[in-house]
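Topology and contacts: notes
These are the residues of each chain, in order.
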Amino acid sequence: MNITQIYNCFLECKSVTTDTRKITKNSMFFSLKGENFNGNTFAFEAIEQGSKYAIVDEKKYAINDNIILVDDVLKTLQELATYHRTQLGIPIIALTGSNGKTTTKELINAVLSQQYNTTATLGNLNNHIGVPLTLLSMNNQTEIGIVEMGANHPKEIAFLSSIALPDYGLITNFGKAHLEGFGSIEGVVKAKSELYDHLKQHNKTIFVNEDDVKQVNQIESYTNTIKFGTTSDILKIEFIGAQPNVEVKLKDIRIASNLTGKYNFSNIAYAIAIGTYFKIENKNIKKAIENYFPKNNRSQVINVGSNEIILDAYNANPTSMMAALENFLQYKRDNKVLFLGDMFELGSNAHNEHQNIVNFIEDNFNANTYLIGENFYSTQLKNTDGFIKKFRNFNDLAIHFDTLTFKDKLMLIKGSRGMALERILDLIK
């Protein structure tokens, strides 16, 4: 079957899935392979559970007319997504960046959905499988698509752009994320800017934060841009404060978000700029942002007992960790507590980046600090009898918790996803 014929089969289906545990009636099942599994072996099971079609790339599993044989299931998924995207003919907004991608995507979706029927990436399904699935979840009711793109190696953003074919794009920021794959901050800038390269090549529109010098430098003389910033003559979005939640001003309208930390200001500003471009009324932009609440351990402010906790444990890299610490430093409280977990995917930079964080804490804080993970454990302290305690892993911290009681504290919990530091919530007494 060619891609047009497969697309006609897709149009008979109500959804697409790659997991037999999530089969719905009249879905199309893609038999993807992994290091430890072969989706082809589940094709017939998918049909039995209600899928209308299953896509396989091993002939022995194509046992009836509802199981379609292709050369490569993953490639077919990606090609089908692009074909569907071109048939829909709707504007697609793509975004990437080192930090804040998912929050920015959710804010943009909240703002645009005030007026449009939107479809956006679910969670952070932003890779070579997630992007196609996002595109295939769009239908003829979708008026604007919002696609998040993630990467940890060069050329990935370029490839995802070739699948999604975005009309608009933005990069939240350039930070020290995935240095193991990108090699350096220069490598990060080059890799993330593959989105800019794609948009420029196809004469599409770039949203640019004029306050971010690195971004301004990357677009150079490209003129098909929508610019905004705190001092912009085109679209001025002012930062009012973040004590603890970010407040901004758009013309004469003050917007009070539910997001903590100044580092979320640019994420909010992108949503405002895109909403303004798509002619969302300012009062509705305000409504959307003020009604958005962070979730999934991203910049959440929650209470456990008498303690107020900034839970930012979804992920971490040196840039986002430092931004969180600098924000936490601004709180004029003498009852602070820090729980910080290892930052992953830093390669040969890991020791120096963790040591930089420890040095910053020793120079700027006197709050009780708990560092968790092998990378933080290997750092050196200037004063070994000070306020910083190190633990090789979460279990060692949990054992130490038996000696601790927290009352009326302001806490920051941050670490990479693999550290799962949200488990600390269950330990706090």
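None of the values given here were measured: they were computed from a predicted structure.

**A word on the UniProt feature "domain: Mur ligase C-terminal" (unreviewed entry) in the protein**
- Sequence positions flagged by UniProt for "domain: Mur ligase C-terminal" (unreviewed entry) are, in local numbering, residues 298-376.
- Annotated as 38% helix and 28% strand, the span residues 298-376 places its first and last C-alpha atoms 22 Å apart.

**Topic: the pattern of salt bridges**
- Tallied over the full model, the rule gives 16 salt bridges.
- Residues E58 and K33 are paired through a salt bridge, measuring 2.9 Å at the closest nitrogen-oxygen approach. Placement of the pair is E58 in the loop between β5 (53-56) and β6 (67-69) and K33 in strand β3 (residues 33-34), with a sequence separation of 25 residues.
- For E247, the salt bridge identified is with R254, shortest N-O distance 2.9 Å.
- Overall, the relative accessible area of 27% leaves E247 in the partly exposed class.
- Residue class for R254 comes out partly exposed when judged on its relative accessible area of 48%.
- Counted as one network, the salt bridges with shared partners bring together K33, D57 and E58.

**A few points about the nonpolar core**
- Core analysis: the biggest nonpolar cluster contains 69 residues, and M28, L135, L325, L340 and I361 have the highest contact counts within it.
- Ranked by residue count, the leading element in this core is helix α14 (residues 350-364), at five residues.
- Formed by 37 residues, the second largest nonpolar core is a distinct cluster that contains A120, Y168, F265 and A271.

**Describing the UniProt feature "binding site: ATP" (unreviewed entry) in the protein**
- Mapped onto the present numbering, the UniProt feature "binding site: ATP" (unreviewed entry) falls at G97, S98, N99, G100, K101, T102 and T103.
- In this fold, K101 is placed in helix α4 (residues 101-112).
- On the basis of relative accessibility, which here comes to 13%, the residue K101 falls in the buried class.
- Residues contacting K101, with those up to four places away along its chain left out, are L95, T96, N126, E148, M149, G150 and T172.
- Topologically, T103 is positioned in helix α4.
- The contacts of T103, once residues within four sequence positions are left out, are L259, N264, N267, Y292 and R298.

**Concerning the packing of helix α1 (residues 3-11) against helix α3 (residues 73-88)**
- Between α1 and α3, the shortest axis-to-axis distance is 10 Å and the interhelical angle comes to 75°. As the angle between them shows, α1 and α3 are arranged roughly perpendicular. Facing I3, T4, I6, Y7 and F10 of α1, the residues of α3 in contact are T76, E79, L80, Y83, H84 and Q87.
- Here the contact of α1 with α3 is built from residues that sort into six nonpolar, four polar and one charged.

**Thoughts on the sheet that holds strand β17 (residues 307-312)**
- Taken together, the six strands give an open sheet; going across it, the order is β16-β17-β21-β18-β19-β20, and neighbouring strands pair in mixed fashion. Both edges of this open sheet fall to β16 (300-304) and β20 (388-391), since each of them pairs with a single strand only. Geometrically, the sheet is characterised by an average inter-axis angle of 20° between neighbouring strands, direction not taken into account.
- Pairing of β16 with β17, which is carried by five bridges, proceeds in the antiparallel orientation. The partner of V301 across the bridge, within β17, is I310.

**Side note on the pairing of strand β21 (residues 410-414)**
- The buried fraction of β21 is high, at five of five residues.
- Here β21 shows a buried face lined by L410, L412 and K414 and a second buried face lined by M411 and I413.
- In terms of strand pairing, β17 meets β21 through five bridges, oriented parallel. Note that in β21 the partner of I309 across the bridge is M411.
- Both strand β18 (residues 336-341) and β21 contribute to a ladder of five bridges, which runs parallel. Residue K336 lies in a different strand from β21, and its bridge partner there is L410.

**Looking at the packing of aromatic side chains**
- Throughout the structure, instances matching the rule amount to 19 aromatic pairs.
- Each ring, one from F328 and one from Y331, has its centre 6.0 Å from the other, and the planes form 55°; the classification is tilted.
- Residue class for Y331 comes out buried when judged on its relative accessible area of 7%.
- In textbook terms, an aromatic cluster arises when at least three aromatic residues are bridged by ring pairs, as seen for Y116, Y168, F207, Y277 and F278.
- Above the ring of F328, the side-chain terminus of K336 is found at 5.3 Å from the ring centroid.

**Regarding the environment of D57**
- Tracing the chain through its elements places D57 in the loop between β5 and β6.
- Expressed as a C-alpha distance, the spacing of D57 and Q78, which sit 21 residues apart in the sequence, is 14 Å.
- Not counting chain neighbours up to four residues away, the residues in contact with D57 comprise K33, N40, L69, V70, D71, D72 and V73.
- A polar atom in the side chain of D57 sits 3.4 Å from the side chain of K33.

**Details of the sheet that holds strand β15 (residues 253-260)**
- Pairing within the open sheet is antiparallel, and its three strands lie in the order β13-β14-β15. Each edge of the sheet is formed by a strand with only one pairing partner; in this case those strands are β13 (237-242) and β15. Along the sheet, successive strands turn relative to each other by an average axial angle of 25°, direction set aside.
- Summarising the sheet, β13 and strand β14 (residues 245-250) pair through five bridges and their orientation is antiparallel. Each residue of the ladder has a partner; that of G241, found in β14, is E247.
- Here helix α11 (residues 265-277) sits on the sheet in contact with β13, β14 and β15, set at roughly 35° to β14.
- Relative to the sheet, helix α12 (residues 282-290) contacts β14 and β15, its axis offset from that of β15 by approximately 20°.

About the criteria used
- Residues numbered from 1 in each chain as written.
- Predicted model: local features only at pLDDT ≥ 70, side-chain atom pairs only at ≥ 80, totals over all residues.
- Heavy atoms only, no water.
- UniProt positions renumbered as here; feature names shortened; annotations may be inferred.
- Helix = DSSP H or I, 4+ residues; strand = E, 2+ residues; numbered from the N terminus.
- Salt bridge = Lys/Arg side-chain N within 4 Å of Asp/Glu carboxyl O.
- Buried < 20%, exposed > 50% of the residue type's maximum accessible area, 1.4 Å probe, protein only.
- Core = buried A, V, L, I, M, F, W, Y, C linked by side-chain atoms within 4.5 Å.
- Contact = heavy atoms within 4.5 Å.
- Axes fitted to C-alpha atoms, helices over the stretch in contact; angles between N-to-C directions.
- Parallel < 35°, antiparallel > 145°, perpendicular 65-115°, else oblique.
- Nonpolar A, V, L, I, M, F, W, Y, C, P; charged D, E, K, R; others polar.
- Pairing = 2+ DSSP bridges.
- Phe/Tyr/Trp six-rings, centres within 6.5 Å; stacked < 30°, edge-to-face > 60°.
- Lys NZ or Arg CZ within 6 Å of the ring centre and 35° of its normal.
- Polar contact = N/O pair within 3.5 Å; in protein donor to acceptor, adjacent residues only side chain to side chain.

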